[in-house]
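If you want the building blocks of each chain, they are given just below.
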Amino acid sequence: MYSEPLLEVKQLKKYYTIDQGWFKPRKVVKAVDDVSFTVYKGETFALVGESGCGKSTTGRTILRLHDPTSGQIVFAGREISGLSYSEMRRLRRKMQMVFQDPYASLNPKKTIRQILTEPLRVHGVASPTERVKQAVRILEIVGLSEYHLDRYPHEFSGGQRQRIGIAKAVILHPELIVADEPVSALDVSIQSQVINLLLKLQREFSLTYVFISHDLGVVRHISDRVAVMYLGKVVEVAATEEIFASPKHPYTKALLSAVPAAHPDEKRERILLTGDVPSPVNPPPGCAFHPRCPSCMEICRTAAPPMVNAGEHHVVACHLYN
Ligand code: SF4
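Residues numbered from 1 in each chain as written. Predicted model: local features only at pLDDT ≥ 70, side-chain atom pairs only at ≥ 80, totals over all residues. Heavy atoms only, no water.

1. Describing the sheet that holds strand S1 (residues 5-18)
- One open sheet holds the four strands; their spatial order is S2-S1-S4-S5, and the pairing between them is antiparallel. Among the strands making up the open sheet, the edge pair consists of strand S2 (27-40) and strand S5 (78-79).
- Two elements, S1 and S2, share eleven bridges in a ladder whose sense is antiparallel. Within the sheet, the bridge partner assigned to Val9 lies in S2 and is Phe37. (Pairing = 2+ DSSP bridges. Helix = DSSP H or I, 4+ residues; strand = E, 2+ residues; numbered from the N terminus.)

2. Points about the environment of Pro284
- Examined against the element boundaries, Pro284 turns out to sit in the loop between helix H10 (250-257) and strand S11 (307-311).
- Exposure remark for Pro284: the relative accessible area of 15% places this residue in the buried category.
- Through-space distance from the C-alpha of Pro284 to that of Arg301 is 8.0 Å; in sequence the pair is 17 residues apart. (Buried < 20%, exposed > 50% of the residue type's maximum accessible area, 1.4 Å probe, protein only.)

3. Description of the pattern of salt bridges
- Here the structure, examined in full by the defined rule, presents eleven salt bridges.
- For Arg292, the salt bridge is made with Glu50, and the minimal N-O distance between the two is 3.3 Å. Of the two residues, Arg292 is situated in the loop between H10 and S11 and Glu50 in the loop between strand S3 (44-48) and helix H1 (55-62); the sequence distance between them amounts to 242 residues.
- For Glu50, a relative accessible area of 24% puts it in the partly exposed group.
- Here Asp180 ties to Arg60 by a salt bridge, and the two come within 3.7 Å at their closest N and O atoms. Of this pair, Asp180 sits in strand S7 (residues 176-180) while Arg60 sits in helix H1; the two residues are 120 residues apart in sequence, bridging distant segments of the chain.
- Its relative accessible area of 4% is what places Asp180 among the buried residues. (Salt bridge = Lys/Arg side-chain N within 4 Å of Asp/Glu carboxyl O.)

The structure is reproduced here in structure tokens:
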């Protein structure tokens, strides 16, 4: 089922320190805490979880927009976590990002012509005429046209701006795209158009996606596999169909119980979690989910659960399966 790995994330950590002023100890925020997973060529691998679970920080750290605190990021067989800025800049051609807010990621002072030809120029691709030709081609692929070349980002709707953001990410023919909540700022009617565009581009350019989202309905539609994150850690990974049909981790079960059923005869009982997500500055001992877990046992309060097999290509970090 799975092709060769394109991205391997091994024991990745991203900690931030917060200065509290004179004579007070610094606090450490464990935004990403010992995260490991593999993304295979051509698949869409979703990272899901509540806001603040570390999924966006994981995505940005993979692309080295943030430097990792420790751990390994292996892209196309090459360990990249220690590469210099200039080495990373060369590699970025193969690893691109689509942001949640396309307006923030597009320079408002530049025309679409400048926005799309700039990456080609930086990476030494093609002559000026060829760069414009490629910009027009990619605009047409994402559903816009040459007519839009000399307009500014503010002259477009949110959906059109996200198409331009996607065009900017794809124009260098990357292998990996990290898409961070790419449709959550868009109207529901536009969301499916942008999702379908991402799927079309994936087929056309043989792209691999890391798709970050809190919207499990969208994730079910687009992804091949899903990793569920809670408080900086991955707690479950499985194929999309498997995880929706048979979630194992109590947190995954609660998340999925809120998603409308895909079939009328699919019955699901809503599980309401009590309490807020604990602070990553001071995570609970043992299993970080234990204060909210309806199945909490004594061991959960003191021992962190290891990741164990829970089926074919299905792993879970929970003492219920240990
Ligand atoms: Fe719940 Fe314990 Fe499993 Fe954590 S390890 S999810 S507290 S049962």
